[in-house]
Amino acid sequence: IVAGIRWRCTATSDEERGMRAMMGATRAASSPSTFRPPEGLGLIEEGAERLHQWVRSECGGNGLVVITGAGVSTESGIPDYRSPLGSYSKGHKPIQHDEFVFDPYQRSRYWARSLAGWRPFSLAVPNAGHRAIAELERRGVVSKVITQNVDSLHQAAGSRGVVNLHGR
């Protein structure tokens, strides 16, 4: 559900191996851990508590930073850009700043496309990935969420420590 969440510490204790087994995380012994939250909301709370205990004991309790991109929101119906079915594969070409500022036709095209794309954004709701991250934040496992997404689904799921890299 949530790919690319990596631990800031690289502990290799028996407890970590047990935690990875319980949470469904996988990693090679020499690379950073990758966390995959359990499927289903009932398991998220139990898994978040186990992860919280592990972070406090193995990472000093500082909390993790989660970095997300378009992939976390595709399950909510927000299309990405670079996947085989993404916007770029359909011929979408992002407008450049100079085109927007100096070309009335391109500016009009930009706003028309934005208007057409607004409905999917306005109807989107947080998915299990957003909710898992928010639950981990609520429990103190995650301290910040850094995202390039402009859909506000992390905030809608309950995350409060969200840093938006662009947009808005």
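Please refer to the structure placed before this passage.
Definitions and cut-offs
Residues numbered from 1 in each chain as written. Predicted model: local features only at pLDDT ≥ 70, side-chain atom pairs only at ≥ 80, totals over all residues. Heavy atoms only, no water. Helix = DSSP H or I, 4+ residues; strand = E, 2+ residues; numbered from the N terminus. Buried < 20%, exposed > 50% of the residue type's maximum accessible area, 1.4 Å probe, protein only. Pairing = 2+ DSSP bridges. Axes fitted to C-alpha atoms, helices over the stretch in contact; angles between N-to-C directions. Polar contact = N/O pair within 3.5 Å; in protein donor to acceptor, adjacent residues only side chain to side chain. 1 Å grid on protein atoms, 1.4 Å probe; cavity = no way out; pocket = protein on both sides within 12 Å on 5 of 7 lines; lining within 4 Å. Points joined across faces, edges and corners; volume = space filled by probe spheres on them. Expected span 1.5 Å × (residues − 1). Bend = angle between axes of the 7 residues up to and from the residue. Patch = residues over 30% accessible without salt bridge, like charges linked within 9 Å, V, L, I, M, F, W, Y side chains within 5 Å. Areas by Shrake-Rupley, 256 points an atom, 1.4 Å probe, with all protein chains shown as cover. Salt bridge = Lys/Arg side-chain N within 4 Å of Asp/Glu carboxyl O. Contact = heavy atoms within 4.5 Å.

With respect to the overall build of the protein
- From N to C terminus, the protein includes six helices and three strands.
- Moving toward the C terminus, one meets the helices and strands of the protein in the order α-α-β-α-α-α-β-α-β.
- The buried share among the 168 residues of the protein stands at 37%.

Let's talk about the sheet that holds strand β1 (residues 64–68)
- If you trace the three strands from one edge of the open sheet to the other, you get β1-β2-β3, paired in parallel fashion. A single partner strand is all that each edge strand has here, and the edge strands are β1 and β3 (162–164). Strand-to-strand twist of the sheet, defined as the mean angle between neighbouring strand axes without regard to direction, takes the value 20°.
- Direction of pairing for strand β2 (residues 142–147) relative to β3: parallel, over a ladder of three bridges.

Some remarks on the pairing of β1
- Taking every second residue as pointing to the same face, the buried face of β1 carries Leu-64, Val-66 and Thr-68, while none of Val-65 and Ile-67 on the other face is buried.
- Bridge count for β1 against β2 is five bridges, and the pairing is parallel. Bridge pairing links Thr-68 to Thr-147 in β2.

Notes on helix α5 (residues 128–138)
- Across the 11 residues of α5, nine count as buried, placing the element largely inside the fold.
- Taking the backbone nitrogen of Gly-129 as reference, a side-chain oxygen 2.7 Å away marks Asn-127 as the first, capping residue of α5.
- Once α5 ends, the next one or two residues include Gly-140, with phi positive near 85°.

Some words on the layout of surface pockets
- Approximately 1,400 Å³ is the volume found for the largest pocket.
- Lining the largest pocket are 34 residues, and of these Tyr-81, Tyr-110, Arg-113, Phe-121 and Val-150 sit closest to its centre.
- Of all the secondary-structure elements, those providing two or more residues to the lining of the largest pocket are α3 (97–102) and α4 (104–123).
- Broken down by element, the residue count for the lining of the largest pocket peaks at 11 residues, all from α4.

Here's the deal with α4
- A rise of 1.5 Å per residue sets the reference length of α4, with its 20 residues, at 28 Å; its end C-alpha atoms lie 30 Å apart and thus fit the reference within 8%.
- Where α4 bends most, at Gly-117, the angle is about 35°, and the proline Pro-120 comes one to four residues later.
- Its side-chain oxygen at 3.0 Å from the backbone nitrogen of Tyr-105, Asp-103 defines the N-terminal cap of α4.

Brief notes about a nonpolar patch on the surface
- Together, Trp-118, Phe-121 and Val-150 make up an exposed nonpolar region whose accessible area comes to about 300 Å².
- Relative to the assigned elements, Phe-121 resides in helix α4.
- Take Phe-121: its relative accessible area is 31%, and that puts it in the partly exposed class.

Looking at unusual backbone geometry
- We note that Ser-152 has phi near 60°; this positive angle belongs to a residue other than glycine.
- Here Ser-152 shows up in the loop between β2 and α6 (153–157).

Considerations on the side chain of Ser-87
- Structurally, Ser-87 is set in the loop between β1 and α3.
- Judged by its relative accessible area of 11%, Ser-87 falls in the buried class.
- A polar contact is formed between the side chain of Ser-87 and the side chain of Arg-113, at a distance of 3.1 Å.
- Apart from residues lying up to four places away in sequence, Ser-87 is in contact with Asp-80, Tyr-81, His-92 and Arg-113.

Structural notes on the pattern of salt bridges
- Applying the stated criterion to the full structure yields three salt bridges.
- Of the charged contacts in the structure, one is a salt bridge between Glu-99 and Lys-93, with a shortest N-O distance of 3.9 Å.
- Relative accessible area serves as the criterion here: at 52%, Lys-93 is assigned to the exposed category.
- Here Arg-139 makes a salt bridge to Glu-135, at a shortest N to O gap of 2.5 Å.
- Residue Glu-135 is classed as buried on the basis of its relative accessible area, which comes to 12%.
- Here the salt bridges do not stand alone but share partners, grouping Glu-135, Arg-138 and Arg-139 into one network.

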